[in-house]
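# Analysis of the macromolecular model
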Amino acid sequence: MEPLLEIKDLRLVFSTERGILDLFQGLSLSLMSREVLGIVGESGSGKSTLAYTIIKLLPGNARILSGKVLLEGRDILSMKEEELRRIRGKEITMVFQDPSTSLNPVFRIKDQMLTVVKENLGLQGEVARKRALELLKQVELPDPESIMNSFPFELSGGMQQRVMIAMALAANPKLIVADEPTSSVDATIQTQILSLLKKLKAERDFSLILITHSIAVAKEVSDRIAVMYAGEIVELGKVETVIEKHLHPYTEALLKSIPRPRGKSEMKRMLPVVPGQVPDLISPPSGCRFHPRCPYAMDICKAERPPYFNKDGSLVMCWLYSEER
Amino acid sequence: MRITDSPRSDAWGFFRLLHIIRVLSRDKLFVFGVTVVLSLALLSIAAPYVSPYTSQGYGEAAVPPPSCPGVPTEVAGVCPPSLLHPLGTEILGRDLLTRILFGIRTSLIIGLFVVITATAIGLFVGITAAYIGGWVDELLMRTTDVFLSFPHVILALVILATIGPNFYSVFIALGAVWWPTFARLARGQALSVKSQNYILAAQAAGVGRFGIIFKHILPNSIAPLTVQMALDMGASILAEAGLSFLGLGIRPPTADLGVMVFESTNFITTAWWYPVFPGLFLFLLVLSFNLIGDRVTQYLDPRLAGK
């Protein structure tokens, strides 16, 4: 089957005041139709930048060195602004991290919802209004009528995020990219938003890329998980495999650092963390970028960047899985 | 003080404005300013319908000139306040109150026009600079700096001396010198709006350049400019009166407070009412606009909060 989205050999550079920042190092990834891919990584691992690359919405100091982002065979990265506009908000939509600042504060929800519905579905008048109400109902908002007449600041964070999701669904997109959709809401709302995404996923035909720093969140909804570290995907595999038979030492460290209820005797123990810090990408470590923090680091890790190794159906970028060892 | 001095100015929105108006309605000076401005505006709008001397308001001389024996200024038709002329009459025997009300019309029209033109140009320049950035930003903002480096009135004088004084020249001259403050303000606001998430969200939703500018940046950039408009109303009315006083602004027969004060200079020692009343109304009008702007500014300045 043809994949819906294919990222091939992606390489970006950012020119910053401190120097050149090299990202993705020839990253490749593919996403099937109706698939949910979780992208997990620390802040600064490039996961959000990857999301913005998919719709070619990059800051002015970013340059695409090489690579393709193919949506059903069409290369988004080589598209003109006009073509991009036909894809953005229609075939690919986004849900953002902070819903409280993602809605225009001076317009009522009604105005913003109707614009989206009219622009993308070509509906008018009462039909458009009905459609907007229906969308709000689908994201399980109580009393959609009064929500329509509210201004964004009158809604809670969870409600705002539901509105954002409703807007993302409006055009029946093929792909929704959710950039940390649950990071700025509290834990109960986070669970609700996740189960809403799961429910919508079951009802409708879209693929989802879920970007999050929490491997626990990614586990909830994803079919596959990609673990990113310092601008590279270090492990990519099915959810069960990544969670249960994790391969990369970084994935292992991430999984260990999930807080879980423990017995009384263990309470005093510190929560395990990944030692060290995310490397500065302007002068990244030689070889494998994780080696300074890796408990299993070997000589070769410092010298050479590991290729992807195929193990148990997962891809892993780590010398531990080299055949020659 | 400009409201750009306030660190809170980028946290502005329509609702903050509404909230501020509600709070300020309890401020005596603010209410005084609003009341004076509104009543003067209403009076001047109603002037042609209530004044018995409407034609004089439009510039016709009084025929025959009023006579007031015993007053040394009678040659010129300048008569002291009486029942028929509550504020006295002026050089052509016209009713001073009527002339003043018509003069306030001129002031308000010019003030409004200047401020609206300045806001429009300022928004255009500021938002263009902020949105496009780079060399366009540099070019537009440095041009703005050039304009700002001249005092408003001096630059307006130069323009008026070049194109010649008449009713429309005043509009053009003052409009042309008044926009830079607004451009700076609009640019600052647009820059902060531009970095907001909803702009990114709109871009991600496929909204085009014009949609971003007109639906997202513009409506969110306007609020702080409305306060600057109130502040600058007084200043531009005063500037217009000053230019007219110097003979480079409004020309007779159009009624104008500045022109009236100028004409009265020959009568300062003999007819006190002639310079005093036009000056008093000009003072009241400008004071009220400044009070409105000042109270709003003070409210916005966190350093003065709670005082």
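Up top is the structure these notes are about.
Quick summary incoming for the structure in this document. What you see is a predicted model; the values in this text were computed from it and never measured.

This part takes up the overall build of chain A. Assigned secondary structure in chain A consists of 12 helices and 12 strands. For a compact globule of 325 residues, the expected C-alpha radius of gyration is about 20 Å, and chain A comes in at 21 Å, within 12% of that figure. Along the longest, intermediate and shortest principal axes, the C-alpha atoms of chain A span 70 × 55 × 45 Å. In chain A, which comprises 325 residues, the proportion classed as buried is 41%. Long-range pairs, those at least 24 residues apart, make up 64% of the contacts in chain A between residues at least 6 apart in sequence.

Further remarks concern the nonpolar core. Judged by nonpolar contacts, the single largest core of 166 residues is most densely connected at Ala166(A), Val177(A), Ile209(A), Ala226(A), Val227(A), Val234(A) and Ala156(B). Top element by residues in this core is helix 4 (residues 96–132) of chain B. It accounts for 15 residues. What Ala226(A) contacts, discounting residues up to four positions off in sequence, is Leu29(A), Leu37(A), Ile39(A), Ile233(A) and Leu236(A).

Quick look at unusual backbone geometry now. Residue and element names in this part refer to chain A. Of note, Lys56 is a non-glycine position whose phi angle comes to about 50 degrees, a positive value. Along the chain, Lys56 turns up in the loop between helix 1 (47–54) and strand 4 (62–71). Since 17 C-beta atoms lie within 10 Å of it, Lys56 is described here as partly exposed. Despite not being glycine, Asp143 shows a phi value in the positive range, around 50 degrees.

What follows is about the environment of Ser15(A). All names here are of chain A. Checked against the element boundaries, Ser15 lands in strand 1 (residues 5–16). What makes Ser15 exposed here is the crowd of 12 C-beta atoms within 10 Å. Here the alpha-carbon distance between Ser15 and Ala62, two residues 47 residues apart in the chain, equals 6.6 Å.

Attention now moves to the sheet that holds strand 1 of chain A. Residue and element names in this part refer to chain A. Across the sheet, which stays open at both edges, the four strands sit in the order 2-1-4-5 with antiparallel pairing between neighbours. If you trace the sheet from one side to the other, it starts and ends with strand 2 (19–31) and strand 5 (74–75), each paired once. Two strands pair when backbone bridges link them, and strand 1 and strand 2 are joined in this way by nine bridges, in the antiparallel orientation. Paired with Leu10 across the two strands is Leu27, which belongs to strand 2.

What counts and how
Residues numbered from 1 in each chain as written. Chains lettered and ligands numbered in written order. Predicted model: local features only at pLDDT ≥ 70, side-chain atom pairs only at ≥ 80, totals over all residues. Helix = DSSP H or I, 4+ residues; strand = E, 2+ residues; numbered from the N terminus. Rg over C-alpha atoms; globule rule 2.2 N^0.38 Å. Buried ≥ 20, exposed ≤ 12 C-beta atoms within 10 Å, placed from the backbone. Contact = placed C-beta atoms within 7 Å. Core = buried A, V, L, I, M, F, W, Y, C linked by C-beta atoms within 7 Å. Pairing = 2+ DSSP bridges.

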